[in-house]
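Single-letter residue listing:
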Amino acid sequence: MFGYRVPAPDEAMLISGGKHGMKGSPFRVVIGHGAFVTPITRKVRYLTLSMQEAEVAEQCVTKQGISLNVRSVIAFKVGNDEESIVNAGQRFLSDQDQMSILTGRIFAGHLRSIIGSMTVEEIVTERQKLASEVLDGSKAEMATIGLIVDSLQIQSIDDMGAGYIAAMAAPNNAAIQRQAKIAQAQADQASAEAQQASARKQAEFARQTSVVQAQYKGEVERAQAEAAQAGPLAQANAQLAVINAQAELAQQQAQLRQQQLVSEVIKPAEAEAERVRILAKADAERTRIQAEAAASNNRVALDQLLINQLPLIVKEAAAGLAGANVSVLNGADGLSEIAAGLVSQGLTILDSVRKGMPGQNVTPLDRRVIDSQLEPQSSPSS
């Protein structure tokens, strides 16, 4: 569009010719957007906001009086605020390359000042401290001209052949070399140990391989020997099995024959002997029973005979008393006592006769029978 201007992203558009500048500045600052510019009454210029650098190579003298050649690089740019842009535009708008030249000169002065207050050891070992102090010392001055520093890097420090830095580094170099030699020796020792361990492992592996090969060879030879003996061994085992089977068959046949003998000879003989024993026992029992029956019959007949003769015995005894001179003192009672005595004598005689025969004793039953036989004959005597 005619009269409408837009600055680049890394540029600031400065519009002069109006009365809208900041704090009486001769131009108006436009950043990040466009603006209408009257072609005749306004004039547009652009100030770069991109990063720039300046190199500084300065010969400085330390606190110890030792000259050092110091090289550094400064990264800077115009500040993003409107005040910094106005300050930088008023100084560098017509020749923006002067920003790098002026920045290098400013930092060279501050670098000489800071190095003059430090020793070589501090400068060498504390480069970051040196850079920080230079930045702090130049910050206000750089802000005055509208510039800001992003970084300061000390690239190199050289004593220009004086040998001070080398001498300062000698102890460290010696220690480093000593440590390097120790490390090398340790590495060589570790390498030798590793080689020895590798050789031992190889020898052990070779030994194990030989052992395994010998074992394999022995197993193969053993297998071959077993294979060679397998035929005869199998035949011998077969013959042994046949012999065992024959022995078992013979044993079974012997057992069968023994069972046949038992069933055909021993069992019938035992049965016949048992039959004879039972018959003999039965015959003996029959004879005993017959003998006992005969003895019992004889005893009954004898008892009957004696019982039948007992009254006669008593009568004869009484007849003997008839011729005797006997005095009866108590009348009927005395006669009863005499009769009882006669009966008692008859029983005694009967017992004597019967004792002469084995097993012939008077039983209570016999006495009751005898008493029953005597009672009718006792009454006439009374």
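Above: the structure in question.
Presented here is a report on the structure given in the accompanying data block.

Criteria and thresholds
- Residues numbered from 1 in each chain as written.
- Predicted model: local features only at pLDDT ≥ 70, side-chain atom pairs only at ≥ 80, totals over all residues.
- Heavy atoms only, no water.
- Helix = DSSP H or I, 4+ residues; strand = E, 2+ residues; numbered from the N terminus.
- Expected span 1.5 Å × (residues − 1).
- Buried < 20%, exposed > 50% of the residue type's maximum accessible area, 1.4 Å probe, protein only.
- Salt bridge = Lys/Arg side-chain N within 4 Å of Asp/Glu carboxyl O.
- Pairing = 2+ DSSP bridges.
- Axes fitted to C-alpha atoms, helices over the stretch in contact; angles between N-to-C directions.
- Contact = heavy atoms within 4.5 Å.
- Polar contact = N/O pair within 3.5 Å; in protein donor to acceptor, adjacent residues only side chain to side chain.
- Core = buried A, V, L, I, M, F, W, Y, C linked by side-chain atoms within 4.5 Å.

A closer look at helix H2 (residues 98-115)
Residues three or four positions apart in an α-helix share a direction because the helix packs 3.6 residues into each turn. The terminal C-alpha atoms of H2 lie 26 Å apart, and with 18 residues this matches the ideal 26 Å at 1.5 Å per residue to within 8%. Among all positions in H2, only Met-99, Thr-103, Gly-104, Ile-106, Phe-107, Ala-108, His-110, Leu-111, Ile-114 and Ile-115 are buried.

Considering the pattern of salt bridges
For the structure shown, the criterion picks out three salt bridges. For Glu-126, the salt bridge identified is with Lys-129, shortest N-O distance 3.7 Å. The partner of Arg-207 in a salt bridge is Glu-204, and the shortest N-O contact between them spans 2.5 Å. With Arg-207 and Glu-204 both in helix H5 (residues 164-322), this residue pair falls three residues apart, about one helical turn. By relative accessible area, Glu-204 is classed as partly exposed at 32%.

Digging into the sheet that holds strand S7 (residues 67-78)
Spatial strand order, S6-S7-S8: three strands in an open sheet with antiparallel pairing. Each edge of the open sheet is held by one strand with a lone partner, namely strand S6 (52-61) and strand S8 (147-158). Strand-to-strand twist in this sheet, taken as the mean axis angle between neighbours without regard to direction, amounts to 20°. Two elements, S7 and S8, share 10 bridges in a ladder whose sense is antiparallel. Within S8, the position partnered with Lys-77 by the bridge is Ile-148. H2 rests against S6, S7 and S8 of the sheet, and its axis sits at about 35° to S6.

Examining the environment of Gln-96
In this structure, Gln-96 sits in the loop between helix H1 (82-92) and H2. In sequence terms Gln-96 and Leu-47 are 49 residues apart; their C-alpha atoms lie 7.8 Å from each other. Setting aside residues up to four positions removed in sequence, Gln-96 forms contacts with Tyr-46, Leu-47, Thr-48 and Gln-52. Of note is the side chain of Gln-96, whose polar atom sits 3.3 Å from the backbone nitrogen of Thr-48.

Observations regarding the sheet that holds strand S3 (residues 27-30)
With antiparallel pairing, three strands are arranged side by side in an open sheet as S3-S2-S5. Across the chains shown, the open sheet's two edge strands, defined by having one partner strand only, are S3 and strand S5 (43-48). Between one strand axis and the next, the sheet turns through 30° on average, direction left out of account. Where strand S2 (residues 11-16) and S3 come together, four bridges link them in antiparallel fashion. Note on S3: the bridge partner recorded for Met-13 is Val-30.

So, the side chain of Thr-62
Summarising the element assignment, Thr-62 is placed in the loop between S6 and S7. In this view, Thr-62 contacts Leu-68, Ile-115, Gly-116, Met-118, Val-120 and Ile-123; residues no more than four positions away in its chain are not counted.

Things to note about the nonpolar core
Judged by nonpolar contacts, the single largest core of 40 residues is most densely connected at Leu-68, Val-78, Ile-85, Leu-111, Leu-130 and Leu-147. Among the elements that line this core, the one with the most residues is H2, at seven residues. Every residue in contact with Val-78, bar those within four places of it in the chain, is listed here: Leu-47, Thr-48, Leu-49, Ser-84, Ile-85, Ala-88, Met-99, Gly-146 and Leu-147. Met-13, Ile-15, Val-30 and Ala-35 belong to the second-largest nonpolar core, a separate cluster that totals six residues.

Observations regarding the side chain of Thr-48
Assignment of secondary structure puts Thr-48 in strand S5. In terms of polar contacts, Thr-48 uses its side chain to reach the side chain of Ser-50, at 2.9 Å. Excluding residues within four positions of it along the chain, Thr-48 makes contact with Asp-10, Val-78, Gln-96 and Met-99.

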